[in-house]
Amino acid sequence: MVPRSSLVQSSTLFSEPVARPKDAERSNTNTVTPHLGQKLLYLSQTDVAACGPNMPEIVAALESMFREKGEGRVEMPPKIGVHTMPDAFIHAMPASIPAQKAVGVKWVGGYPANSQRGLPYITGLLILNDPETGVPIALMDCTWITAQRTGAATAVAAKYLARPDSSTVGILGCGVQGRSNLEGLKTVFPVKKVFAYDTHPDRATRYAQEMSKQLALEAVAVSDPKQAVVQSDIVVTAGPILRKPHATIQPGWLAQGAFASLVDFDSYWHAAALHEADKFTTDDVPQLHHYRDIGYFQNIPPIHADLGELVTGRKPGRQFPSERTIACNLGLALDDIAVAPLIYGRALEMRVGTWLPL
Ligand SMILES: NC(=O)c1ccc[n+]([C@@H]2O[C@H](COP(=O)([O-])OP(=O)(O)OC[C@H]3O[C@@H](n4cnc5c(N)ncnc54)[C@H](O)[C@@H]3O)[C@@H](O)[C@H]2O)c1
């Protein structure tokens, strides 16, 4: 992820003047859609990061989207995808959020072995469409958006499921998600101390140094995964997603009153540890069932609620300080499509990106 503060100038150009409002069509974002039906705006990874909303804005966008989802006013078919290698995927993720006038599709790959080639685990593209005509209006890199919206989804879940006074966080997997999830949590909770664990100790050390500085908290690297779990009010597991869990986290590790966000599904958790949860939630139940049908989530607790139900109050979030709560957000197309129009709107304002003919 490219931190916004470190960005200088976009690498790409607004190669032509933007159409003036009187010449242009109204867009899905209540901004102006120049060149509708003639050109689309291409936004590289650097462009996206330059125009990206900040984390509190992303958390707010996702919370409103989950309210719409809870009210049944969105459309999102279950993820479909292809699997070219064991534990790798490329997913097609379409969604429509009428209230946010947002519609589009993300085409995203996740390859656990990519880091050995110096490539990101997650790569892909997102197409944003005009909801009134279906015309593609933007094509953007989805690496930044995937990182940020996943961190924000953890923050939304934690808002309903974690103790409001949560101040210690354990991060297992100190990569892109380890960073954005902590950033998301810091927008909602008074986080003071972070225990960072990674199977590559140098990554945990670098993470602790960077996050301490970036988020003004005390992050320390730990050498044993248990140290990152037992002392934490909030635990985030963000290692590789595996059909067969490595099940490192044992029963009794997650403290009473703690909340855990399973960014890497159930991969990190012994089934008996998961079954200690008083409430186990997800972001979309049909999607979780789909994953279960193809071999993931073979032994998880009953699902208490989805995130839309928590946000709309249809189901209760945390009710007692001593509850153990767990959210397993699978990552929804709705997350991406809630954020992409904010990036597009700001790119138009900032005149960032490259116009490509349709
Ligand atoms: N649920 C969602 O919405 C969602 C969205 C995006 C990514 N993901 C998943 O999040 C995970 C992390 O993605 P990323 O982009 O941060 O990858 P990344 O490669 O940037 O970071 C992963 C980190 O985990 C470390 N690691 C590997 N095995 C570990 C283990 N057993 N314990 C601790 N650390 C370990 C690696 O050394 C690396 O530092 C992936 O599994 C990815 O598929 C989930």
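Check the entry above for the structure.
Residues numbered from 1 in each chain as written. Predicted model: local features only at pLDDT ≥ 70, side-chain atom pairs only at ≥ 80, totals over all residues. Heavy atoms only, no water.

Student: Explain the overall build of the protein to me, please; I cannot follow it from the model alone.
Tutor: Within the protein, the regular secondary structure consists of 10 helices and 17 strands. Computed over C-alpha atoms, the radius of gyration of the protein comes to 20 Å, within 12% of the 21 Å expected from 2.2 N^0.38 for 358 residues, which places it in the range of a compact globule. Over its C-alpha atoms, taken along the principal directions, the protein stretches across nearly 65 × 40 × 40 Å. For the protein, buried positions account for 54% of its 358 residues. Here the protein displays about 14900 Å² of accessible surface, and carbon together with sulfur accounts for 54% of that area. For the protein, the separation between the mean place of its 33 positive charges and that of its 34 negative charges on side chains is 3 Å. (Helix = DSSP H or I, 4+ residues; strand = E, 2+ residues; numbered from the N terminus. Rg over C-alpha atoms; globule rule 2.2 N^0.38 Å. Buried < 20%, exposed > 50% of the residue type's maximum accessible area, 1.4 Å probe, protein only. Areas by Shrake-Rupley, 256 points an atom, 1.4 Å probe, with all protein chains shown as cover. Lys, Arg positive; Asp, Glu negative; His and termini not counted. Charge placed at Lys NZ, Arg CZ, Asp CG, Glu CD.)

Student: What am I meant to see in the pairing of strand β3 (residues 39–43) here?
Tutor: Counting buried positions over the 5 residues of β3 gives 4, a clear majority of the element. Of the strand pairs in this sheet, β3 and strand β17 (residues 354–357) are connected by 4 bridges, and their pairing is antiparallel. Residue pairing for β17: Tyr42 is matched across the bridge by Thr354. Of the pairings in the sheet, the one linking β3 to strand β8 (residues 136–141) comprises 3 bridges and is parallel in character. Residue pairing for β8: Leu41 is matched across the bridge by Ala138. (Pairing = 2+ DSSP bridges.)

Student: Where do I start with the nonpolar core in this structure?
Tutor: In a soluble, globular protein the nonpolar side chains are often hidden away together inside. Ranked by internal contacts, the top residues of the largest apolar core, which has 72 residues, are Leu62, Met140, Leu182, Val194 and Ile343. Per-element tally for this core: the top contributor is helix α10 (residues 333–350), with 10 residues. Residues in contact with Ile343, not counting those within four places in the same chain, are Leu43, Val48, Cys51, Gly52, Pro53, Met140, Trp144 and Ile145. By size, the runner-up hydrophobic cluster in this structure holds 29 residues, among which are Leu172, Phe195, Phe280 and Tyr291. (Core = buried A, V, L, I, M, F, W, Y, C linked by side-chain atoms within 4.5 Å. Contact = heavy atoms within 4.5 Å.)

Student: Even after reading the chapter, I still don't get helix α3 (residues 143–161), so can you show me in this structure?
Tutor: Turn by turn, an α-helix covers 3.6 residues, leaving residues three or four places apart pointing in a common direction. Here α3 spans 27 Å end to end across 19 residues, near enough to the 27 Å set by a 1.5 Å rise per residue. Of all 19 residues in α3, 17 are buried; the element is thus mostly enclosed. (Expected span 1.5 Å × (residues − 1).)

Student: How should I be thinking about the sheet that holds β8 in this particular structure?
Tutor: Overall, mixed pairing links the 7 strands, which are arranged β4-β5-β6-β7-β8-β3-β17 in an open sheet. A single partner strand is all that each edge strand has here, and the edge strands are β4 (80–82) and β17. Ignoring strand direction, the axes of neighbouring strands in this sheet form an average angle of 20°. With 3 bridges connecting them, β4 and strand β5 (residues 89–97) associate as antiparallel partners. Along β5, the bridge assignment pairs Val82 with Ile90. (Axes fitted to C-alpha atoms, helices over the stretch in contact; angles between N-to-C directions.)

Student: Could you clarify how one ought to interpret the site of the ligand in this entry?
Tutor: Looking at the ligand, there are 25 residues lining it, with Gln177, Asp198, Arg203, Gly239 and Tyr268 nearest. A distance of 2.9 Å separates a nitrogen atom of the ligand from a polar atom in the backbone of Asn329. Burial of the ligand by the surrounding chains reaches 88%, relative to a free accessible area of 860 Å². Contributions of two or more residues to the shell around the ligand are made by α3 and α4 (176–188). Ranked by residues supplied to the shell around the ligand, first place goes to α3 with 3 residues. Per-class residue counts for the shell around the ligand are 11 nonpolar, 11 polar and 3 charged. (Near = heavy atom within 4 Å. Polar contact = N/O pair within 3.5 Å; in protein donor to acceptor, adjacent residues only side chain to side chain. Nonpolar A, V, L, I, M, F, W, Y, C, P; charged D, E, K, R; others polar.)

Student: Help me out: how do you make sense of the pattern of salt bridges in this one?
Tutor: Close approach of charged atoms allows side chains with opposite charge to pair. Going through the model one piece at a time under the given rule, you end up with 16 salt bridges. Between Arg346 and Glu57 there is a salt bridge, with the nearest N and O atoms lying 3.3 Å from each other. Of this pair, Arg346 sits in helix α10 while Glu57 sits in helix α2 (residues 55–70), placing them 289 residues apart in sequence. For Arg346, a relative accessible area of 23% gives the class partly exposed. Assessed through its relative accessible area of 32%, Glu57 is described here as partly exposed. Members of the salt-bridge network, linked through shared partners, are Lys106, Arg149, Asp335 and Asp336. (Salt bridge = Lys/Arg side-chain N within 4 Å of Asp/Glu carboxyl O.)

Student: How should the packing of α2 against α3 be read in this particular structure?
Tutor: Packing of α2 against α3 brings their axes to within 8 Å, and their N-to-C directions diverge by 65°. One element, α2, and the other, α3, form an angle in the roughly perpendicular class. Once α2 is placed against α3, the crossing between them reads as right-handed. Across the interface between the two elements, Met55, Ile58, Val59, Leu62, Glu63 and Arg67 of α2 pack against Trp144, Gln148, Arg149, Gly151, Ala152, Ala153, Ala155, Val156, Lys159 and Tyr160 of α3. (Parallel < 35°, antiparallel > 145°, perpendicular 65-115°, else oblique. Left-handed = near helix turned anticlockwise from the far one by under 90°.)

Shape descriptors only; they carry no functional weight alone.
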